[in-house]
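Chain residues, written in single-letter form:
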Amino acid sequence: MTRDKGVPGIIAQVLHFPSLCHPLFLPHEKYEFGSHLQNADNCVLSLYQYEYFLKCHVPDPKPDYRHSPLLAPSLAGLPPTRK
């Protein structure tokens, strides 16, 4: 959204626990999502915790790039990411 509004000064993104797409709308035809299940028992953010927080944040999910960046029409022009 900041890119689309022309907000200057963002030089990078830090994706420590990136939530890239709501599980209901994963574009399986474009991406592989093995890490979603591989990290289900992660001690910092388990799959259960992730789904709980996601439901609190997006109680009535619909496909929307604002909570599912992988659904954005384009990711061009975004700053580099680090994980």
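Residues numbered from 1 in each chain as written. Predicted model: local features only at pLDDT ≥ 70, side-chain atom pairs only at ≥ 80, totals over all residues. Heavy atoms only, no water.

### Quick word on the overall build of the chain
Put simply, the test is: Helix numbering and strand numbering both begin at the N terminus, where a helix is a DSSP run of H or I of at least 4 residues and a strand a DSSP run of E of at least 2. Relative accessibility decides the category of a residue: with a 1.4 Å probe and only protein chains considered, values under 20% of the type maximum give buried, values over 50% give exposed, and everything between is partly exposed. Contact criterion: two residues are considered in contact whenever any of their non-hydrogen atoms come within 4.5 Å of each other. Each accessible area value is a Shrake-Rupley result obtained with a 1.4 Å probe; residue values ignore everything except the protein chains displayed when judging cover. Residues counted as positive are Lys and Arg, residues counted as negative are Asp and Glu, and His and the chain ends are not counted. Where a charge lies is defined by one atom per residue type, namely NZ (Lys), CZ (Arg), CG (Asp) and CD (Glu).
Along the backbone of the chain there are 3 helices and 2 strands. For the chain, the N- to C-terminal ordering of α and β elements is α-β-α-α-β. Each of the three principal axes of the chain carries a C-alpha extent, and together these read 35 × 25 × 25 Å. Looking at the 83 residues of the chain, the share that counts as buried comes to 22%. Pairs at least 24 residues apart make up 73% of the contacts formed inside the chain by residues separated by at least 6 positions. About 6800 Å² of surface is accessible on the chain, with carbon and sulfur atoms providing 59% of the total. Computing the positive centroid from 8 side-chain charges and the negative centroid from 7, the chain places the two 8 Å apart.

### Section: the packing of aromatic side chains
The cut-off we apply is this: Geometry of aromatic contacts follows a simple scheme: Phe, Tyr and Trp rings, the Trp one being its six-membered ring, pair when their centres are within 6.5 Å, and the pair is stacked under 30 degrees between planes, edge-to-face over 60, tilted otherwise.
Summed over all chains, the structure comprises 1 aromatic pair. Summarising the aromatic geometry, the rings of tyrosine 52 and phenylalanine 53 are spaced 5.5 Å apart at their centres and angled 65° between planes, so their arrangement reads as edge-to-face.

### Quick word on the pattern of salt bridges
Quick note on the threshold: A pairing counts as a salt bridge when a side-chain nitrogen of Lys or Arg comes within 4 Å of a carboxyl oxygen of Asp or Glu.
With the rule as written, the count across this model stands at 3 salt bridges. Across the pair aspartate 64 and arginine 66 runs a salt bridge, and its minimum N-O distance is 2.7 Å.

### Topic: a nonpolar patch on the surface
Condition: Patches draw on residues past 30% relative accessible area with no salt bridge. Two like charges within 9 Å are joined, as are two nonpolar side chains (Val, Leu, Ile, Met, Phe, Trp, Tyr) within 5 Å.
On the surface, a nonpolar cluster with roughly 410 Å² of combined accessible area is contributed by Tyr48, Tyr52 and Phe53. With respect to the element layout, tyrosine 48 can be found in helix α3 (residues 47–57).

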